[in-house]
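Coordinate analysis (summary)
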Amino acid sequence: MSSSPLPLVLRQARSVSFFEATGVEGPEAGDDEMSDEQEDIGLSMTINDELRLCGMTGDDEDDIVGDAEELFGRRAAEELNGGTATHPLPVDDADGPNAVQGDTQAAADDGSTSRPNRPSTSVCWEDFEKLYKKVNGKDVRYGARCLHCRKEYSANSKFGTGHLLRHQDSCPKKREKCRMAQSHITFNKDGSMRNWEYSAEVARVQLVRLLARLDLPLRLGETEAWEDYIKTAHNPRYSTVSKQTTARDLFKYFNEKRGRLIDDLKNNAILSVAITSDIWSGNAKEDYLSVVGHYINADWQLEKRVLGLRLIDASHNAENIAERVSNVLNDYSILNKVFSVTLDNASANNKAMDKLKPVLKEYLGSDLFLHQRCACHIINLIVKEALVAVSPLIDAFRTAISYINSSNQRVAAYKSYCMASGIRPRKFALDMDVRWNSTYLMLRHLLPHKETFHTFIESNYPRAKGGPFLLTHDHWAMAIKILEFLKLFYDSTVALSGVYYPTASLMVHHIVKIAIHLHKYQNDEHIRTVVQPMIDKYNKYWRTIPDLYCIAFILDPRAKIKGFNKVLRKLNLLTDADYSNKLMQTRTLLFKLYHKYDDLYGSARAKRADPPSLSGKKRTAWAEIYDDDDDGGGMVGAGCSSLPPNLDMSRTIPATALLHAANSSSSSSELSAYLDCDTVIQWDDDFNILNWWHHHKLTYPVLSTLAKDVFSVPVSTISSEATFSTTGRIIEERRRRLNPETVEALTYIKDWEVAESRLQHMVEDKELEEAFENLYLD
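Quick caveat: nothing in here was measured; it's all calculated off a predicted structure.

Rules used in this analysis
- Residues numbered from 1 in each chain as written.
- Predicted model: local features only at pLDDT ≥ 70, side-chain atom pairs only at ≥ 80, totals over all residues.
- Heavy atoms only, no water.
- Helix = DSSP H or I, 4+ residues; strand = E, 2+ residues; numbered from the N terminus.
- Buried < 20%, exposed > 50% of the residue type's maximum accessible area, 1.4 Å probe, protein only.
- Contact = heavy atoms within 4.5 Å.
- Polar contact = N/O pair within 3.5 Å; in protein donor to acceptor, adjacent residues only side chain to side chain.
- Core = buried A, V, L, I, M, F, W, Y, C linked by side-chain atoms within 4.5 Å.
- Pairing = 2+ DSSP bridges.
- Axes fitted to C-alpha atoms, helices over the stretch in contact; angles between N-to-C directions.
- Expected span 1.5 Å × (residues − 1).
- pLDDT = per-residue confidence, 0-100.
- Parallel < 35°, antiparallel > 145°, perpendicular 65-115°, else oblique.
- Left-handed = near helix turned anticlockwise from the far one by under 90°.
- Salt bridge = Lys/Arg side-chain N within 4 Å of Asp/Glu carboxyl O.
- Phe/Tyr/Trp six-rings, centres within 6.5 Å; stacked < 30°, edge-to-face > 60°.

Turning our attention to the overall build of the chain. Looking only at helices and strands, one finds 33 helices and ten strands in the chain. Each of the 778 residues in the chain was classed as buried or not, and the buried ones make up 45%. Taking all contacts inside the chain whose residues are at least 6 apart in sequence as the whole, residues at least 24 apart take part in 70%.

Have a look at this one:
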């Protein structure tokens, strides 16, 4: 019998319960010694073995070193562990592989069957890996390994998991990881912080936004390169997204944003919507019709949204145009909110408007419905008259630019010549026939390089012996004059293409500026031959000022009736047009509109504040500004120095018309009070006309509503053309397989995303300018 380090009494106490449980004859009471059989059994069994036999866990499973480190510190734990032991206490053979194998074999010998496997529900398995071995061809769990410290414990399925749970709570490696783990935070819109958690659904939505905004292919999310980039640089938990899933996410996101936009347009704060529309023919031989909505939100800020981009695979006649426009407006439930429609000058558009007026008459009625042609398109027609006349001159510059760009050797030779001359080398882009402003930009970027460009072309461009040079000094002198002449038209196009400020109130200013400009160059010795066709085109469209522009100008508190009267007198001299009845016609239309709005929104008058007192008028300032002696050097310029003194258009108005206007004024005190008050004296660009009306909406509750609708109207269809620029990038050469519905959804999302950041302003003009500027060769 082997000796035991345990006292006899302790050994007896440890083994008594086992003797009772197994029926082995134990020591008699009062015996000082146990038999050999009893002692062998007592020595081979421990209390922990008995606890496990009873379905309980033994105390020897605890992580003593980890507990000691938690209670007494790392040094005490190292001393307890002897500085070398890093593994748990050895697992007793009773729970080891042999015991499991014996139990399983015994069960098999008895003919009994094992229980079917059931899922493990204990939370300990979140931090433990199950260990299995083959027993009679079956996987039998025999242990568990901690995922953090890699220690192994017995984990026979017959026993409990209490020892694993205790280690889970006390594992030093796990605690260290928790202490070292960095929290992920993100910022809310108000600047506050919150915890960030990765969400696959959010990742998919953001992927859709990215694809739409950057015109990327829908299959990007499933590519190996994209997956490697995201997992390596951003999130190792990212899972790929198939093209089909991305397409479903795209339309889901589109429908959600479209639903929110429909709800916004139904909001009572948005009283009306101004529409622009145009047609575009893409490289894929597919024509699209765009519908863009402009409105002023509750904060009195201008907003623009693409509402429709419909494939128009039929004839571009009035019926098809009107049908698609009305269908788009009906989809957004705004047929009863349309204030105006701006179209280009195609004859089919004019006929389409005749069909749309009965459909859109609910808001103002067909008799008060406002429709105007695109102002920038008219400017384009005016300038084209000049470019046709000077086309031989422009063609010479186009030929010279094409000569250099057609060969890499010539580009390199020109670069070397520029560097030798101390000039930064660059290439030059050709203009586009359909965009006159590209011709202006071509000349503007070419003229600063006149010396080097002229010398290089003169030395290298082939010519017949004794023949003329391609470019002469007369060419350059004429180009400088043309560039100077076209600058006003380019600036007007840019100003009238704005998105986030009213352009309707600016239109009369630019009509006057262009009239003065044409009058100034009418007798210029270099370009007078090209000016007269431009004047004829100007008179065709703007000799009669469109009513919308007149009303918008009067609703500018810096102008009112007094300023409009001044404009008519100037245009009367510049164009020889008869404006004797225009003032009264415009005033009558303004009062008619006001009465319509009074019927719709007259209830707001109960909140009206008292109009400002008229006793403090600063007539002196305006008398000086509107003094006719100032006309030559002020608004009219050098080409129009003599104006009829004190010409008052009201003198030619019939007495009955004046009496009718007086009666209308007496019954429209709000409008009359506005017109009778002094004009605002603030001429800089910082003046915000929408803010002025917002601040005076209690003084003029009905009139401010009318002003809000008028100032929401864009005078050009540039916004629709910008939509086509976006669409052209979406359905470029490598993406022509996209169906029209996908093209439409991508266009909407891209526009709406940019709109939420208020970045739609002049995008196209910036891109066009960059196409001519970023051509340096160094």
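A word on the side chain of Thr 747. Looking at where Thr 747 falls in the secondary structure, it is placed in helix H32 (residues 740–756). Looking at Thr 747, its side chain comes within polar contact range of the main-chain oxygen of Val 743, at 2.8 Å.

Okay, unusual backbone geometry next. Despite not being glycine, Asn 136 shows a phi value in the positive range, around 55°. Inspection of the secondary structure puts Asn 136 in the loop between strand S1 (128–135) and strand S2 (138–146).

Soluble, globular proteins show a tendency: their nonpolar side chains are buried together. Counting 118 residues, the largest nonpolar core has Phe 453, Phe 489, Trp 542, Tyr 549, Leu 555, Trp 693 and Phe 711 as its most contacted members. In terms of residue count, helix H19 (residues 473–495) provides more of this core than any other element does, ten residues in total. With 52 residues, the next largest nonpolar core counts Val 241, Leu 289, Leu 343 and Ile 749 among its residues.

The sheet built from three strands is open, its strands ordered S1-S2-S3 with antiparallel pairing. Edge strands, defined here as strands with exactly one partner in the open sheet, are S1 and strand S3 (152–154). When the angles between neighbouring strand axes are averaged without regard to direction, this sheet yields 40°. Contacts from helix H7 (residues 162–170) reach S1, S2 and S3, with the element oriented near 155° to S3.

So, on to the environment of Ile 312. Among the structural elements, Ile 312 can be located in the loop between strand S8 (302–311) and helix H12 (318–331). Ile 312 sits in the buried class, given a relative accessible area of 1%. Considering only alpha carbons, one finds Ile 312 and Ser 290, 22 residues apart in sequence, at a separation of 9.9 Å. In contact with Ile 312, not counting residues within four places along its chain, are Ile 279, Asp 287, Tyr 288, Leu 289, Asn 320 and Arg 324.

Further remarks concern the pairing of S1. When S1 meets S2, the two strands line up antiparallel, connected through eight bridges. Residue Lys 130 lies in a different strand from S2, and its bridge partner there is Ala 144. The turn joining S1 and S2, which pair antiparallel and follow one another in sequence, is formed by two residues; a positive phi near 55° is taken by Asn 136.

Here H12 contains 14 residues, and its C-alpha end-to-end distance of 20 Å stays within 8% of the 20 Å for a straight helix at 1.5 Å per residue. Residues Ala 318, Asn 320, Ile 321, Ala 322, Arg 324, Val 325, Ser 326, Val 328 and Leu 329 constitute the buried set of H12. Residues of H12 that are buried sit in contact with strand S6 (273–281), strand S7 (287–296), S8, strand S9 (338–343) and helix H13 (347–356). Where H12 terminates, the next one or two residues include Ser 333, which has phi positive at roughly 55°.

Let us look at the confidence of the model for the chain. Here the chain averages 77 in pLDDT, while 71% of its residues score no lower than 70. Mean pLDDT per element in the chain: helix H25 (residues 619–625) is the minimum at 32, and helix H29 (residues 689–695) is the maximum at 95. Scored below 50 in pLDDT, residues 83–115 makes 36 contacts in the model with residues more than four places away or belonging to other chains.

In this section: the packing of H12 against H13. Two elements in contact, H12 and H13, have axes whose closest approach is 8 Å; the angle formed by their N-to-C orientations is 55°. Between H12 and H13, the angle falls in the class oblique. For the pair H12 and H13, the crossing hand works out as right-handed. Along its contact with H12, which presents Ala 318, Glu 319, Ile 321, Ala 322, Val 325 and Ser 326, the element H13 presents Ala 348, Asn 349, Lys 351, Ala 352, Lys 355 and Leu 356.

Evaluated as defined, the whole model comprises 26 salt bridges. A salt bridge links Asp 127 to Lys 174; the shortest N-O distance between them is 3.0 Å. On the criterion of sequence distance, the pair formed by Asp 127 in the loop between helix H6 (97–109) and S1 and Lys 174 in helix H8 (residues 172–180) is long-range, its members being 47 residues apart. A residue is classified by how much of its surface remains accessible, and Asp 127, at 10% relative accessible area, is buried. We note a salt bridge from Arg 145 to Glu 152, for which the minimum N-O separation is 3.0 Å. Taking the relative accessible area as the measure of exposure, Glu 152 reaches 36% and is therefore partly exposed.

Counting through the fold element by element, Glu 744 comes out in helix H32. Residue class for Glu 744 comes out buried when judged on its relative accessible area of 14%. One polar contact links Glu 744 to Tyr 748, side chain to side chain, over a distance of 2.4 Å. Ignoring anything within four residues of it in the chain, the contact list for Glu 744 reads Leu 309 and Arg 310.

Further remarks concern the packing of aromatic side chains. According to the stated counting rule, one finds 25 aromatic pairs in the structure shown. Between Phe 485 and Phe 489 the ring centres are 5.5 Å apart and the planes differ by 65°, which places this aromatic pair in the edge-to-face class. Here Phe 485 pairs with Phe 489, and both are found in helix H19, just four residues apart, close to one helical turn. Plain terms: the ring middles of Phe 553 and Phe 564 are 6.4 Å apart, the flat faces sit at 50° to each other, and that makes the pair tilted. One end of the pair, Phe 553, is in helix H22 (residues 547–554); the other, Phe 564, is in helix H23 (residues 560–575), with eleven residues separating them in the sequence.

This brings us to helix H11 (residues 243–266). Look at H11: 34 Å from first C-alpha to last across 24 residues, which is about the 34 Å you get at 1.5 Å a residue. Within the span of H11, buried status applies to Thr 245, Thr 246, Asp 249, Leu 250, Tyr 253, Phe 254, Lys 257, Leu 261, Ile 262 and Leu 265. In this fold, the buried residues of H11 make contact with helix H9 (200–214), S6, S7, S8, H12 and H32.

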